[in-house]
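Report on the structure
Chain by chain, the residues:
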Amino acid sequence: MSAAHKVLTEDHFLCSICLDVFTDPVTTPCGHNFCKNCITDHWNISDICQCPICKKEFKTRPELDINTFISEMETSSSEQQAAEAGEVLCDICTGTKLKALKSCLVCLLSYCETHLELHLTKSVLKRHQLVDPVEDLEDRMCLKHDKPLELFCRTDDTCICLLCSVLDHKTHQVVPLKEEYEEQKAELLKTDAEVQQMIQKRRLKISEIRESLRISNDAADGQKAEGVQVFTALKEIVERRLKQLIKEVEDQQKAAEEQAEDSIQHLEQQISELMKRSSEMKQLSDSEDHLHLLQSFRALKAAAPTEDLMEVTVHSSSYEGTVVRAVAQIEETLTEVMKKIKLKLIKKFAVDVTLDPDTARNDLILSDDGKQVSHGGMKKNLPNNPERFTQWLNVLGKQSFSSSRFYFEVQVKRKTGWDVGVVRESVNRKVQHSLSPQCGFWKIGLMDRVYRASADPYVRLSVLSPYKKVGVFVDYEEGLVSFYDADNADHIYSFTGYAFTEPLYPFLNPHGNNEGKNSAPLIITPVSHTE
């Protein structure tokens with residue numbers, strides 16, 4: 001190894017006369033290389049003309065050939081930039097140190113582009129192991145035997161030289177350094193792949209958190225906007241009712257004032273007449289004419305006012321209870337408004353439901369658009385696939401829901417029997433069982449003129465007037481299924497406290513047509529957001 005290093009430095013890169021890198025390199029007939037000025041000056045001061053290296057004599061001074069190979073390398077070297085701070089230096093450069101491109105683990109030297117050329121062209125050097133430039137190549141030598149660390153002891157988990165394997169590790173598991181390198185590199189790549197996977201998972205989690213935050217912020221903004229809208233409407237209702245209250249009181253006050261003014265004016269007129277009569281009576285009483293007094297007194301007495309002052313009364317307007325009645329009216333109005341607002345907010349989660357013919361019992365009739373279902377009475381020859389109900393007159397929607405919230409509406413008017421709700425995916429579709437939550441059904445319906453919810457036992461529903469359109473709302477995460485009268489926003493019934501763990505499907509049952517008395521279809525209607 002040291003011999004190879006000597007060849008590379010002295011025979012190929014340094015002039016043997018000036019011991020520096022070649023300047024204008026030339027070659028003698030015997031094949032040795034020198035600086036042109038060095039060999040010329042050497043022959044000028046020598047008595048004989050001979051090669052300074054091999055001592056071959058020339059009878060006449062030979063013609064020197066320019067060594068183009070070394071010249072080109074020198075030119076290439078001059079074009080390279082000097083190494084900067086922190087970069088590995090070329091070990092061969094004697095002048096300005098150039099940046100090393102590779103380090104040789106056999107020579108334990110680092111080479112710039114020029115001095116690396118021999119490792120790329122000489123067959124004996126091509127077998128050397130080149131790596132990216134590294135410093136402290138001496139650390140790759142065994143401190144004990146001054147040999148390269150070419151082996152790896154798996155027993156002691158350390159790098160060793162060939163002598164170490166024979167003297168100190170002969171009973172250990174020793175493998176070539178490259179073999180251990182390949183194995184540990186594979187393990188490293190595997191570990192790195194796992195780390196990259198962990199990084200990717202965390203990036204995905206960050207994306208999920210950011211998306212969740214975005215949804216949360218959007219929801220917060222939506223709630224604030226809805227809050228402003230709702231409370232603005234409530235404020236307008238209160239302000240309008242306050243104006244009505246003030247006007248009502250002021251109208252009563254004005255009527256009382258007008259009545260009082262009329263009464264006062266009437267009484268003042270009477271006072272004026274009475275004062276005039278009093279004056280006449282005083283004059284008469286001062287008269288000495290006996291006949292005139294007797295004749296005039298009778299007329300004055302007959303014209304005296306006979307009106308009872310008890311009949312001239314002013315009734316104070318009673319405002320007691322006016323505010324209470326106004327508040328009660330506001331409360332009633334707000335209740336109605338809140339019902340409509342709540343249903344309007346729920347309607348934001350409206351979904352487009354289309355009935356799935358593969359789930360319908362074979363005597364049900366579905367419309368072409370999948371929005372209507374009725375009982376036909378005649379069974380059709382249809383495949384008895386696992387999804388189809390065979391005992392109950394049920395049909396499911398094509399769409400399933402396993403998260404979030406959803407809402408849909410079903411027209412039920414002109415029907416004497418029906419069921420509407422949701423059902424879990426795994427419900428048994430081939431046996432006749434209770435259509436209750438225990439069996440996977442959450443529904444309300446009409447049967448034998450009684451509206452009922454399918455709790456176990458069922459709950460009879462109090463209804464003021466027959467339902468025409470029913471809204472179904474599900475909050476999957478909250479385990480809530482609620483039903484509403486979609487026409488007047490009244491809440492009908494809610495199933496609460498359930499833990500849904502599988503997809504839910506909208507579900508309709510039109511009941512038998514009852515000889516045409518219940519032939520009207522159940523219809524999935526578009527949800528209006530402007531009511």
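Here's what I pulled together on the structure shown here.

What counts and how
Every chain is numbered independently, its residues counted from 1 as its sequence is written. A pLDDT threshold of at least 70 governs which residues receive local features in this predicted model, and a stricter bar of 80 or more applies before side-chain atom pairs are shown or counted, although totals over entire chains, interfaces and linings include all residues. Excluding hydrogens and water, the side-chain figures rest on all heavy atoms present in the structure. At least two DSSP bridges between two strands are required for those strands to pair. Only runs of H or I of at least four residues qualify as helices and only runs of E of at least two qualify as strands under DSSP, and these elements are numbered from the N terminus. Angular values range over 0 to 180 degrees, each being the angle between N-to-C directions of two axes fitted as lines to C-alpha atoms, with helices fitted over their stretch in contact. What makes two residues a contact is simply this: any of their non-hydrogen atoms within 4.5 Å. What is meant by a nonpolar core is a set of buried Ala, Val, Leu, Ile, Met, Phe, Trp, Tyr and Cys residues, joined one to another through side-chain atoms within 4.5 Å. Accessible area is worked out with a 1.4 Å probe on protein chains only. A residue is then buried under 20% of its type maximum, exposed over 50%, and partly exposed in between. Starting at the helix axis, one direction is taken to each C-beta atom, and the arc is that of these directions. Grouping into patches uses exposed residues only, defined as over 30% relative accessible area, and leaves out salt-bridged ones; the cut-off is 9 Å for like charges and 5 Å for nonpolar side chains (Val, Leu, Ile, Met, Phe, Trp, Tyr). Computed with a 1.4 Å probe, the accessible areas rest on the Shrake-Rupley method; for each residue, only the protein chains presented here act as cover. Take a side-chain nitrogen of Lys or Arg and a carboxyl oxygen of Asp or Glu: if they are within 4 Å of each other, that pair is a salt bridge. We call two N or O atoms a polar contact when they sit within 3.5 Å, provided that within protein one can donate a hydrogen and the other can accept it, with sequence-adjacent residues counted only if both atoms are side-chain atoms.

A separate point is the sheet that holds strand 13 (residues 405-411). Strand-to-strand pairing in sheets goes through backbone hydrogen bonds, with the strands running parallel or antiparallel. The strand order across the open sheet built from seven strands is 10-11-22-13-18-19-20, with neighbouring strands paired in antiparallel fashion. At either margin of the open sheet sits one strand with a lone partner, and together these are strand 10 (364-366) and strand 20 (490-495). Shown here is a sheet whose adjacent strand axes are inclined to one another by a mean of 20°, direction ignored. Bridge analysis of strand 18 (residues 469-475) against strand 19 (residues 480-485) gives six bridges, and the strand direction is antiparallel. Along strand 19, the bridge assignment pairs Val474 with Val481. On the sheet, helix 9 (residues 322-346) packs against strand 13, strand 18, strand 19 and strand 20 and is oriented at approximately 125° with respect to strand 19.

Taken in spatial order, the three strands of this open sheet run 8-7-9, and their pairing is antiparallel. The outermost strands of the open sheet, each flanked by one partner alone, are strand 8 (158-160) and strand 9 (174-176). Averaged over all neighbouring strand pairs, the angle between strand axes comes to 35°, with direction disregarded. For strand 7 (residues 151-153) and strand 9, the ladder comprises three bridges, and the chain directions are antiparallel. Looking at strand 9, one finds that Phe152 is bridged to Val175.

This brings us to the nonpolar core. In terms of nonpolar packing, the biggest core is built from 37 residues, with Trp418 and Ile444 touching the most fellow members. Core analysis: the second largest hydrophobic core is formed by 12 residues, Phe22, Val26, Cys38 and Ile39 among them.

Its location among the elements puts Glu273 in helix 7 (residues 177-285). Here the alpha-carbon distance between Glu273 and Ile48, two residues 225 residues apart in the chain, equals 174 Å.

Our focus in this paragraph is unusual backbone geometry. Cis geometry marks the peptide bond from Asp456 to Pro457, where omega comes out at 5°. Relative to the helices and strands, Pro457 is located in the loop between strand 16 (450-453) and strand 17 (459-460). Within the chain, Asp157 stands out as a residue other than glycine whose phi angle is a positive 55°. A positive phi angle, close to 60°, is found at Ser404, a residue other than glycine. Inspection of the secondary structure assignment puts Ser404 in the loop between strand 12 (395-396) and strand 13.

So, about helix 2 (residues 36-44). Turning to helix 2, its buried residues number three or more, namely Cys38, Ile39 and Trp43. Looking down the long axis of helix 2, one finds its buried residues gathered within 125° of arc, a one-sided arrangement. The secondary structure elements touched by the buried residues of helix 2 are strand 1 (25-27) and strand 2 (33-35).

On to a nonpolar patch on the surface, then. A cluster of nonpolar side chains, contributed by Leu163, Val166 and Leu167, occupies part of the molecular surface with about 270 Å² of accessible area. Positionally, Leu167 belongs in helix 6 (residues 162-167).

Once that is clear, we can look at the side chain of Asn394. Note that Asn394 resides in the loop between strand 11 (372-375) and strand 12. A relative accessible area of 0% means that Asn394 is categorised as buried. Engagement of the side chain of Asn394 in a polar contact is seen with the side chain of Asn509, the distance being 2.8 Å. Not counting the four nearest positions on each side in its chain, Asn394 is found in contact with Thr359, Ala360, Arg361, Leu364, Phe389, Leu435, Phe441, Phe507, Leu508 and Asn509.

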